[in-house]
Amino acid sequence: MIRERDGIHIDAGEKFVADSRKALGDVNIASHAHMDHAFQAEGKIVASDLTRRLLESRLDRELNLNEHPDVKLIDSGHILGSTAALIESDGKRILYTGDVSTRDRAYIEGFEPVNADILISESTYGIPAYSLPPQEQIENNIKAWIEETEAPFLFGYSLGKAQKIQWLAHQVTDKPLIAHGAVMKMNKVVEEHTDLSFDALPYGENKDMLENGAGIFIGPTRFAKSDALNELVKASNGVKAGFSGWGMTEKYKYRGGYDQVFPFSDHCGFDDLVEMVRAVNPEKVYTHHGFDSEFASYLKREEGINARALKENQASLTDF
Ligand SMILES: [Zn+2]
Ligand SMILES: [Zn+2]
């Protein structure tokens, strides 16, 4: 039995619960340190050591790692420390992707699919409109734009996207990066636990550098619409850029108030998802997140794969 409640619940002899906030299983799995599925309960988690440490910093509490002989963690290429989980139970291989990207991007390597009987896949960009351009092209465009723009203001999710954008900026410019507090905090955590360093200066004390175009701003997406920030953008003739797979449509640019959008994503684009499913070659696919029903329909129709969105039904391990 596989279903989506608080997290993904997989009853396979033992009860495995992945990416829940509160719900406890016999075994709890945490795929990565994004807050939308951060483990808040007491108890041990199966997770990568880096995910545990990032979560500890974000939640400001200690977490204990667990291991399980039937659960294998595989780098999922989403953010640093992120893992997919391969669960072997009753001779079946169940692969839970968590948030996933198969692309090598900036400093992170993409997920390498493994074979499984049952695939539980995220489907954030599960419609063809979100087929992303080649990664090299996206990153070259970003670098060229940063290089030629006098006062760039860059926005992305504070853990993951923001660090990759800073890394790309460092490839093409010596201008100092001026980071919003939320990004500074995540930079610090990542720098503590990896070999990466972003050399960013805090925004609060360095606004003047932005006003005269001497620095590059980097901040979380939600800050792009702040009034104070926008006054600064105006004063410095700044240009605002957003970085997201959602940028494949004009809506994202408009809603975010960006001048420029790059479809740099930490998730699989549509084509990437289809390719991943083919590589995993499962008997059954469960989709969740984003265009879940659409992606399941596509897999059934175009790929002849038994697929369904998790939210639609309680799905049984034995119903195929
Ligand atoms: Zn995530
Ligand atoms: Zn997520």
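Going along each chain's sequence as written, the residues are numbered from 1 onward. Written order decides the labels, with chains lettered from A and ligands numbered from 1. Only residues with pLDDT of at least 70 get local features here, since the model is predicted, and only at 80 or more are side-chain atom pairs given and counted; chain-wide, interface and lining totals rely on the full set of residues. Side-chain calculation: all heavy atoms of the structure are included, whereas hydrogens and water are not.

Participant: Would you explain empty space enclosed by the protein in this entry?
Facilitator: Rolled over the atoms, a probe as big as a water molecule pinpoints where empty space is left. Points on a 1 Å grid, built from protein atoms alone, make a cavity when a 1.4 Å probe fits but cannot get out and make a pocket when they are open with protein on both sides within 12 Å along at least 5 of 7 lines; residues with an atom within 4 Å of a point are the lining residues. Grid points are joined across faces, edges and corners, and a volume is the space filled by probe spheres set on the points. Taken as a whole and judged by the stated rule, the model has one cavity of 30 Å³ or more. Counted by class, the lining of the largest cavity contains six nonpolar, two polar and one charged residues. Domain delimitation follows an automatic or database domain assignment. Here the lining of the largest cavity gathers at least three residues from each of two domains, domain 1 (2-129 + 267-312) and domain 2 (135-262). Note on residue categories: nonpolar means Ala, Val, Leu, Ile, Met, Phe, Trp, Tyr, Cys or Pro, charged means Asp, Glu, Lys or Arg, and polar means any other residue, Gly included.

Participant: What exactly am I supposed to notice about the confidence of the model for the protein chain here?
Facilitator: If pLDDT is low for a region, its predicted coordinates should not be looked at in detail. Per-residue confidence from the predictor is reported as pLDDT, a score between 0 and 100. When pLDDT is averaged along the protein chain, the result is 94; 97% of the residues meet or exceed 70. By the convention used here, residues are in contact when the closest approach between their heavy atoms is within 4.5 Å. Per-residue pLDDT stays below 50 along residues 315-320; that stretch engages in 20 contacts with residues further than four places along the chain or on separate chains.

Participant: So what exactly am I meant to see when it comes to the pattern of salt bridges here?
Facilitator: Two side chains of opposite charge can pair, provided their charged atoms sit close to one another. Salt-bridge detection follows one rule: a side-chain nitrogen of Lys or Arg within 4 Å of a carboxyl oxygen of Asp or Glu. If you walk through the whole model with that rule in mind, you get 13 salt bridges. A salt bridge links Glu56 to Arg52, with the nearest nitrogen and oxygen atoms 3.2 Å apart. A residue pair is termed a helical-turn pair when its members lie 3 or 4 positions apart in one helix, as Glu56 and Arg52 do in helix H1 (residues 49-59) at four residues. Overall, Glu56 belongs to the buried group, its relative accessible area being 16%. In this structure, the salt-bridge partner of Asp272 is Arg103, at a minimum N-O distance of 2.8 Å. Note that Asp272 is positioned in helix H8 (residues 270-280) and Arg103 in the loop between strand S9 (92-96) and strand S10 (118-122), a separation of 169 residues in sequence. The residues Asp272 and Arg103 share a single accessibility class, namely buried. Each member of the salt-bridge network shares a partner with another, and the members are Asp49, Arg52, Arg53 and Glu56. Helix and strand assignments follow DSSP, with helices taken as H or I runs no shorter than four residues and strands as E runs no shorter than two, numbered in order from the N terminus. Residue burial is assigned from relative accessible area. The probe radius is 1.4 Å, only protein chains are included, and a residue is buried under 20% of its type maximum, exposed over 50%, and partly exposed in between.

Participant: I'm lost on the coordination of the zinc ion (ligand 1) in this one. Help?
Facilitator: Around a metal, the perfect tetrahedron of four donors has angles of 109.5 degrees, and the perfect octahedron of six donors has angles of 90 or 180 degrees. Only nitrogen, oxygen and sulfur atoms qualify as donors, provided they sit within 2.8 Å of the metal or within 3.2 Å for Na, K and Ca; with water excluded from the atoms, sites may seem incomplete. Bound to the zinc ion (ligand 1) on the protein side are His32 (NE2), His34 (ND1), His78 (NE2) and Asp99 (OD), at distances that span 2.2 to 2.3 Å. Here a site with four donors is tetrahedral if all angles are between 85 and 135 degrees, and a site with four or six donors is square planar or octahedral if opposite donors are over 155 degrees apart and the other angles are between 65 and 115; anything else gets the irregular label. Considering all four donor atoms around the zinc ion (ligand 1), the spread of angles at the metal, 90 to 167 degrees, places the coordination shape in the irregular class. Positions of the donor residues of the zinc ion (ligand 1), expressed as sequence spacing, correspond to H-x1-H-x43-H-x20-D. A separation of 3.5 Å is found between the zinc ion (ligand 1) and the zinc ion (ligand 2), which share Asp99 as a coordinating residue. Remark: His78 occurs in the loop between strand S7 (71-75) and strand S8 (83-89) and His34 occurs in the loop between strand S4 (27-29) and strand S5 (44-45); sequence separation between them is 44 residues. Residue His34 shares its accessibility class with His78, and that shared class is buried.

Participant: I would appreciate a short explanation of the sheet that holds strand S14 (residues 216-219) in the present structure.
Facilitator: Here, strands pair whenever DSSP counts at least two bridges between them. Read across the sheet, six strands follow the order S13-S12-S14-S11-S15-S16 without closing on themselves; strand pairing throughout is parallel. Because the sheet does not close on itself, it has two edges, and the strands there are strand S13 (200-202) and strand S16 (260-262). Strand-to-strand twist of the sheet, defined as the mean angle between neighbouring strand axes without regard to direction, takes the value 30 degrees. Note that strand S15 (residues 239-243) and S16 share three bridges and pair parallel. By the bridge assignment for S16, Ala241 is matched with Gln260. Axis definition: a line fitted to C-alpha atoms, over the contacting stretch in the case of helices. Angles run 0 to 180 degrees between N-to-C directions.

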